[in-house]
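Residue-level structure breakdown
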There are 2 protein chains.
Amino acid sequence: MTTATTKPAISRRALNVPHSAIRLLEGDANTAKARGVRIYHLNIGQPDIETPECIRRRASADRIVAYTPARGTEAVRSVMRDYYRGLGVALEHGQLMMTTGGSEALLFAMLACGDDGDEALIVEPMYANVRNFAAIGGITLRPLRTHVEDGFKLPPPEAWERAITDRTRFAMLCNPNNPTGTVSTPEEIRGIAEVCRRRGLFLIVDEVYREFVYDGRKPWSSLSLEGFDDTIVVADSVSKRYSACGMRLGCIATRNADVIAATGRMAEGRLSSPTIEQRMLEGIAELPADYMRGIVAEYGKRRDILFEGLTSIPGVELQLPQGAFYFIARLPVGDSLAFSRWLVSTFEVDGATVMLAPAPGFYLTPGLGRDEARIAYVLVENDLRNAIEILRKGIEAWNSR
Amino acid sequence: MTTATTKPAISRRALNVPHSAIRLLEGDANTAKARGVRIYHLNIGQPDIETPECIRRRASADRIVAYTPARGTEAVRSVMRDYYRGLGVALEHGQLMMTTGGSEALLFAMLACGDDGDEALIVEPMYANVRNFAAIGGITLRPLRTHVEDGFKLPPPEAWERAITDRTRFAMLCNPNNPTGTVSTPEEIRGIAEVCRRRGLFLIVDEVYREFVYDGRKPWSSLSLEGFDDTIVVADSVSKRYSACGMRLGCIATRNADVIAATGRMAEGRLSSPTIEQRMLEGIAELPADYMRGIVAEYGKRRDILFEGLTSIPGVELQLPQGAFYFIARLPVGDSLAFSRWLVSTFEVDGATVMLAPAPGFYLTPGLGRDEARIAYVLVENDLRNAIEILRKGIEAWNSR
């Protein structure tokens, strides 16, 4: 009997798929919770706002929970089309494809725009999970750096132009930006879209946080920029807008017929997005016109509390966040990963501590973001105030060890 | 102003992702339906059995529909672990990863086992959507042919051994097989697993139809074969077993720690499978022990009706299907695609017609399966009998045009 065994090797691509930067300290946090420590989660983007009742009450199963069409039901594409119309963006059904979460929208868009060995431009810090999708597709992300000192402002068009190589196939933006909280203007994005158009690149824009803009800014989509029908591909999600992260619905919205056809064929392969949730999402047609106003006001208030609190801590550096519900701050702690781990595993104030997302996981370039952390404001006011005080004391204690 | 425009080109990978073979005639079918024609769908695998009440009644939304852990909730992994224990397969939580449908289980498994430019062995005819996943990953599928004459029996180990090249990284099986209805024995699969082990390949086994076996066969998993912990990766789905296709839940089950870790990192990228459905699935703990027995008896009866009916049509060739709820038959029509299109678009008996899935879409090798079609038996007895008679008359009419 032959018993010779060659252990099979997993793919290089699989080796390149990183662990989620956001979940890096989960083990330490679970240990702390088991000890009875209360943890204020400033590290995650799970909103604490209720999913609207007009969505939730549709959560029921038919006699047979059947497949839906690969690109989404006609009904749900209609509510999404109407939603975009409300933003002043006219789209046909055939320019909208429902996806299983914004994650799948980003994955399919990236796979449709780049081949194994190709490159994509993206600013860092960046939405960390894009690295997972890039690794799956064998696409190399080429980062353009942004800086805490100027509020992580987008690099100008010339910087994007200079970064293009023979292998560059697309550029990516996230606006409003996770993790930095920066909101780019139509003019800024137009400048980059023009570079992409001129150089034959796609521009994939993650607009998952579209509504979360403060200080009188208006929600808008890059799809309203004229002249970029073949260039711009938007990845969207209902997760944050309707506080429905676990529903796993999003969409690709683009006027590029090749991209919508190609991502549609990818969707055919996986047959269907979840059926119950698509019917639930039809409920957004019942939402009052000012639904988002109250939510954005609440997040705006939280942002103010955090900004005021953090800037009162000596050595903490950040610009006023403009959108989303995250920002990146520089902390006077030297090594934010070591500090964050210490906070969760060792430090406590009255039985509570704070969990941060160390920023290096949001940078591609090794060594960057070492003294920065991403901070989310998805907690209620009182919890936020407690979290700030714990962080203030934590920084003091860390620096006087 | 520079208005030069270079239209961006979608990726080669995206161009390689095919349209679903099963949905090829959807346009013709919709036209016929609009004319008022009733269509008996022998082309699709959407079961008509009720999703169990103990699953359906759990379809409710929490106040916040939140993310779940990327690999699935502890509760749902427990019910899946218990399900496997019932098959005599002992698995730890860490050897089970929940996926968004069996589709994602296949996609992630393939991506973890092969790189762009690598090859995988698979029998043809095959589950057509594997082509989509292979194209996404840049993996070339190398087909081993099976034949209607011997009931699409698996090629012997020597044939697999001969087909291996320097680029082969894994082999794939679907057992019970969609689309052929063939059920392979533990000995047959062990023979192929031994080749894989010896040559350092993974063996990905799609066991979505595990319970759907007839004539006294017992459900089993290739995970019960001893000595292949590093070799065998099972892709599973709850879609068919619990008649819950729209729930989009499946899993990867393997004792290969590298594969479970790599596919887990891929899952972290997409954050979460649908939350409501994971809690729904916990309901399977309440199913009576003989839940599948009645369903399999029903499908067995339908298979008998179809087999008897089709073999009574002159020139139709098929072996008795052993499992799943599909089979491939040779039809005396020359070109099954032309015939199927004609059936849907032109032919009717008392205002009704039949829709088939032409077999060429299930073959990789051009020209194969030209006079074959995949036939699903997900209709009730009376509809099946009507469909057979329409098909009988359709073949007669087609051949006397």
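Residues numbered from 1 in each chain as written. Chains lettered and ligands numbered in written order. Predicted model: local features only at pLDDT ≥ 70, side-chain atom pairs only at ≥ 80, totals over all residues.

1. Some thoughts on the overall build of chain A
Scanning chain A for helices and strands turns up 13 helices and 12 strands. Scaling as 2.2 N^0.38, a compact globule of 401 residues should have a C-alpha radius of gyration of about 21 Å, and chain A matches this with 22 Å. Each principal axis of the C-alpha distribution contributes one length, and for chain A these read about 60 × 60 × 60 Å. Looking at chain A as a whole, 55% of its 401 residues are labelled buried. The contacts in chain A between residues at least 6 apart in sequence include a share of 75% that link residues at least 24 apart. (Helix = DSSP H or I, 4+ residues; strand = E, 2+ residues; numbered from the N terminus. Rg over C-alpha atoms; globule rule 2.2 N^0.38 Å. Buried ≥ 20, exposed ≤ 12 C-beta atoms within 10 Å, placed from the backbone. Contact = placed C-beta atoms within 7 Å.)

2. A closer look at unusual backbone geometry
When glycine is set aside, most residues are seen to have a negative phi, and most peptide bonds are trans. Cis peptide bonds are those with omega within 30 degrees of zero, and the linkage from Asn 178 of chain A to Pro 179 of chain A qualifies with 20°. By the secondary structure assignment, Pro 179 of chain A is in the loop between strand 5 (168-174) and helix 8 (186-199). The linkage connecting Asn 175 of chain B with the following residue, Pro 176 of chain B, adopts the cis geometry, with an omega of -10°. Mapped onto the elements, Pro 176 of chain B comes out in the loop between strand 5 (168-174) and helix 8 (186-198). Phi is positive for Leu 271 of chain A, which is not a glycine, with a value near 75°. In this structure, Leu 271 of chain A sits in the loop between helix 9 (257-269) and helix 10 (275-281).

3. Notes on the nonpolar core
If you look at the biggest cluster of nonpolar residues, it comprises 252 residues, and the most contacted ones within it are Leu 203 of chain A together with Leu 203 of chain B. In this view, Leu 203 of chain B contacts Phe 170, Ala 171, Leu 173, Ile 192, Ala 193, Cys 196, Thr 231 and Ile 232 of chain B; residues no more than four positions away in its chain are not counted. (Core = buried A, V, L, I, M, F, W, Y, C linked by C-beta atoms within 7 Å.)

4. Quick word on the sheet that holds strand 12 (residues 372-376) of chain A
Residues and elements named next belong to chain A. Across the sheet, 3 strands lie side by side as 9-12-11; this open sheet has antiparallel pairing. Only two strands of the sheet have a single neighbouring strand rather than two, namely strand 9 (326-330) and strand 11 (357-358). Where strand 11 lies against strand 12, 2 bridges are found, and the strand directions are antiparallel. Bridging across to strand 12, Ala 357 finds its partner in Arg 374. (Pairing = 2+ DSSP bridges.)

5. Brief notes about the pairing of strand 6 (residues 202-206) of chain B
Residue and element names in this part refer to chain B. Burial runs high along strand 6: 5 of the 5 residues are buried. The two faces of strand 6 match: Phe 202, Ile 204 and Asp 206 on one face and Leu 203 and Val 205 on the other face are all buried. Here strand 5 runs beside strand 6; their pairing, made up of 5 bridges, is parallel. Its bridge partner lying in strand 6, Met 172 is registered against Ile 204. Judged from the 4 bridges that link them, strand 6 and strand 7 (residues 232-237) form a sheet pairing that is parallel. Each residue of the ladder has a partner; that of Ile 204, found in strand 7, is Val 233.

6. What about the pairing of strand 12 (residues 372-376) of chain B?
The element strand 12 of chain B is largely enclosed, with a buried count of 5 among its 5 residues. Burial along strand 12 of chain B is two-sided: Glu 372, Arg 374 and Ala 376 of chain B facing one way and Ala 373 and Ile 375 of chain B facing the other are all buried.

7. Some words on the domain arrangement of chain A
Residue and element names in this part refer to chain A. Domain boundaries assigned for chain A yield domain 1 (16-50 + 291-399) and domain 2 (53-286). For domain 1 and domain 2, the distance between their C-alpha centres works out to 26 Å. Taken residue by residue, the interface counts 38 residues in domain 1 and 33 residues in domain 2. Of all the secondary structure elements, the ones that give two or more residues to the side of domain 1 that touches domain 2 are helix 11 (291-311), strand 9 and strand 12. (Domains from an automatic or database assignment.)

8. Observations concerning the relation of the copies chain A and chain B
Superposing chain A onto chain B takes a rotation of 180° plus a shift of 0.0 Å along the axis, which leaves an RMSD of 0.0 Å. Look at the turn and shift together and you get a two-fold axis relating the two. When you check the interface residues of chain A against chain B, 100% turn up at the interface there too, and the contact is symmetric in its surfaces. (Least-squares fit on C-alpha atoms with pLDDT ≥ 70 in both.)

9. Points about the sheet that holds strand 3 (residues 119-124) of chain A
Strands pair in a sheet through their backbones, by hydrogen bonds, and they do so in one of two ways: parallel or antiparallel. All names here are of chain A. With respect to topology, 7 strands assemble into an open sheet ordered 2-8-7-6-5-3-4, the strand pairing being mixed. Each end of this open sheet is capped by a strand with a single partner; those strands are strand 2 (96-99) and strand 4 (140-145). Neighbour-to-neighbour, the strand axes of the sheet open up by a mean angle of 25°, direction not taken into account. For strand 3 and strand 4, the ladder comprises 6 bridges, and the chain directions are parallel. (Axes fitted to C-alpha atoms, helices over the stretch in contact; angles between N-to-C directions.)

10. As for the environment of Asn 386 of chain B
Residues and elements named next belong to chain B. Relative to the helices and strands, Asn 386 is located in helix 13 (residues 381-399). Note on Asn 386: 17 C-beta atoms within 10 Å, which makes it partly exposed. When the C-alpha atoms of Asn 386 and Ala 352 are compared, they prove to be 9.0 Å apart, with 34 residues separating the residues in sequence.

11. Here we look at helix 5 (residues 101-113) of chain B
Counted at 1.5 Å a residue, the expected span for helix 5 of chain B with its 13 residues is 18 Å, and the 19 Å between its end C-alpha atoms agrees. Burial of helix 5 of chain B is extensive: 13 of the 13 residues sit out of reach of the surface. (Expected span 1.5 Å × (residues − 1).)

12. Focus: the packing of helix 6 (residues 130-137) of chain A against helix 9 (residues 257-269) of chain B
The geometry of helix 6 of chain A relative to helix 9 of chain B is characterised by a closest axis approach of 8 Å and an angle of 130° between their N-to-C directions. The angle between helix 6 of chain A and helix 9 of chain B places the two elements in the oblique class. In terms of crossing hand, the pair formed by helix 6 of chain A and helix 9 of chain B is left-handed. Taken together, the residues of helix 9 of chain B that come into contact with helix 6 of chain A (itself represented by Asn 132, Phe 133 and Ile 136 of chain A) are Arg 265, Met 266, Glu 268 and Gly 269 of chain B. Here the residues of the contact of helix 6 of chain A with helix 9 of chain B sort into 3 nonpolar, 2 polar and 2 charged. (Parallel < 35°, antiparallel > 145°, perpendicular 65-115°, else oblique. Left-handed = near helix turned anticlockwise from the far one by under 90°. Nonpolar A, V, L, I, M, F, W, Y, C, P; charged D, E, K, R; others polar.)

13. Some points on the environment of Ala 376 of chain A
Residue and element names in this part refer to chain A. For Ala 376, the position within the fold is in strand 12. The sequence separation of Ala 376 and Pro 366 amounts to 10 residues, and the corresponding C-alpha distance is 23 Å. The residues contacting Ala 376, other than those within four sequence positions of it, are Leu 42, Asn 43, Ile 44, Gly 45, Phe 325 and Tyr 326.

14. As for the packing of helix 11 (residues 291-311) of chain B against helix 13 of chain B
All names here are of chain B. Contact geometry for helix 11 and helix 13: axes closest at 10 Å, N-to-C directions at 15°. As far as their axial angle goes, helix 13 and helix 11 are roughly parallel. Between helix 11 and helix 13 lies a crossing of right-handed hand. Contact residues: helix 11 offers Lys 301, Arg 302, Ile 305, Leu 306, Gly 309 and Leu 310, while helix 13 offers Glu 381, Leu 384, Arg 385 and Ile 388. Split by residue class, the contact of helix 11 with helix 13 holds 5 nonpolar, 1 polar and 4 charged.

15. Some points on the interface of chain A and chain B
At the junction of the two partners, chain A supplies 74 residues and chain B supplies 74 residues. Looking at the side of chain A that touches chain B, the elements that each hand over two or more residues are helix 1 (12-16), helix 5 (101-113), helix 6, helix 8, helix 9 and helix 10 of chain A.

16. With respect to helix 4 (residues 74-86) of chain B
All names here are of chain B. With 13 residues, helix 4 should reach 18 Å at 1.5 Å per residue; the first-to-last C-alpha distance of 18 Å fits that figure. Those residues of helix 4 that sit buried are Val 76, Arg 77, Met 80, Tyr 83 and Tyr 84. Around the axis of helix 4, the buried residues are gathered within 115° of arc, so they sit on the same side. Set apart from the buried face of helix 4 by more than 90 degrees, the exposed residues are Glu 74, Asp 82, Arg 85 and Gly 86. Phi turns positive one or two residues past the end of helix 4, at Gly 88, with a value near 85°. (Arc of directions from axis to C-beta.)

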